[in-house]
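Residues per chain, in single letters:
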Amino acid sequence: MDIASFIKDAAKGNAAAQKCLFDRFADPMMAVCCRYIKNREDAEEMLLDGFFKFFRHLPGFTYQGEAALYSWIKTIMVRECLMFLRKKNVFTMQAEVEAEQITMETDVLANLSAEEIFSLIIQLPVGYRTVFNLHVIEGMDHKEIAGELGIAEGTSKSQLSKAKALLQKMLLQKGISYGQRKTQ
């Protein structure tokens, strides 16, 4: 069976088709949830909540290809994670001392593996991490981020700037510099 057939059957409540869709998309969606939610158990809960919402709204979905389906499921997961962060009141914008200005090559992250980048991103404070993910990974602009999070556009820009500075500082603390990574 192809994805379109699974979608059609899952929309009708077919548990086997729903399981196949879950199995197909659970791992990449769990990675999305883990980018926003640091605690794995909470991330798993968001994954399950997101799939529940996905299956509930599936009858109204028109399948237009796997990329569109993936994008829709990913959007559901991101929104579930953001709602979770707001409900737990752990989503606080970091207003601490201004991040130090650290000069470093701008493409240093491009030379790290996905696992190395993820391990650094997940260490960021919730506010920094959320804005960083929404802007850099999801491709949202600051106006969209501000609307999603209920913050000022300037706050979004500030959080992104501080997240980048903190990531650079973390790289320096780990002894990773652009030159070292490029030659390895």
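Scroll up a little and you will see the structure.
Residues numbered from 1 in each chain as written. Predicted model: local features only at pLDDT ≥ 70, side-chain atom pairs only at ≥ 80, totals over all residues. Heavy atoms only, no water.

Draft legend 1. Local environment of helix H2 (residues 15-36). Along its length, H2 reaches its greatest deviation from straightness, about 50°, at Ala26, and the proline Pro28 lies no more than four positions downstream. Those residues of H2 that sit buried are Ala17, Leu21, Phe25, Ala26, Met29, Met30, Val32, Cys33, Cys34, Arg35 and Tyr36. Between the side-chain oxygen at the start of H2 and the backbone nitrogen of Ala16 there is a gap of 2.9 Å, and the oxygen is on Asn14. (Bend = angle between axes of the 7 residues up to and from the residue. Helix = DSSP H or I, 4+ residues; strand = E, 2+ residues; numbered from the N terminus. Buried < 20%, exposed > 50% of the residue type's maximum accessible area, 1.4 Å probe, protein only. Polar contact = N/O pair within 3.5 Å; in protein donor to acceptor, adjacent residues only side chain to side chain.)

Draft legend 2. Quick peek at the environment of His135. Mapped onto the secondary structure, His135 falls in helix H6 (residues 126-137). Sequence separation between His135 and Ile145 is 10 residues, and the spatial gap between their C-alpha atoms is 7.5 Å. Among the polar contacts listed, one links the side chain of His135 to the backbone oxygen of Met140, at a separation of 2.9 Å.

Draft legend 3. Summary view of the side chain of Asn133. In this structure, Asn133 sits in helix H6. For Asn133, a relative accessible area of 0% gives the class buried. With residues up to four places along the chain from it excluded, the contact list for Asn133 reads Arg35, Tyr36, Ile121 and Glu138. (Contact = heavy atoms within 4.5 Å.)

Draft legend 4. Broad picture of the packing of aromatic side chains. What the rule picks out here adds up to six aromatic pairs. Above the face of the Phe25 ring, Arg24 is positioned so that its terminal group lies 4.8 Å from the ring centre. (Phe/Tyr/Trp six-rings, centres within 6.5 Å; stacked < 30°, edge-to-face > 60°. Lys NZ or Arg CZ within 6 Å of the ring centre and 35° of its normal.)

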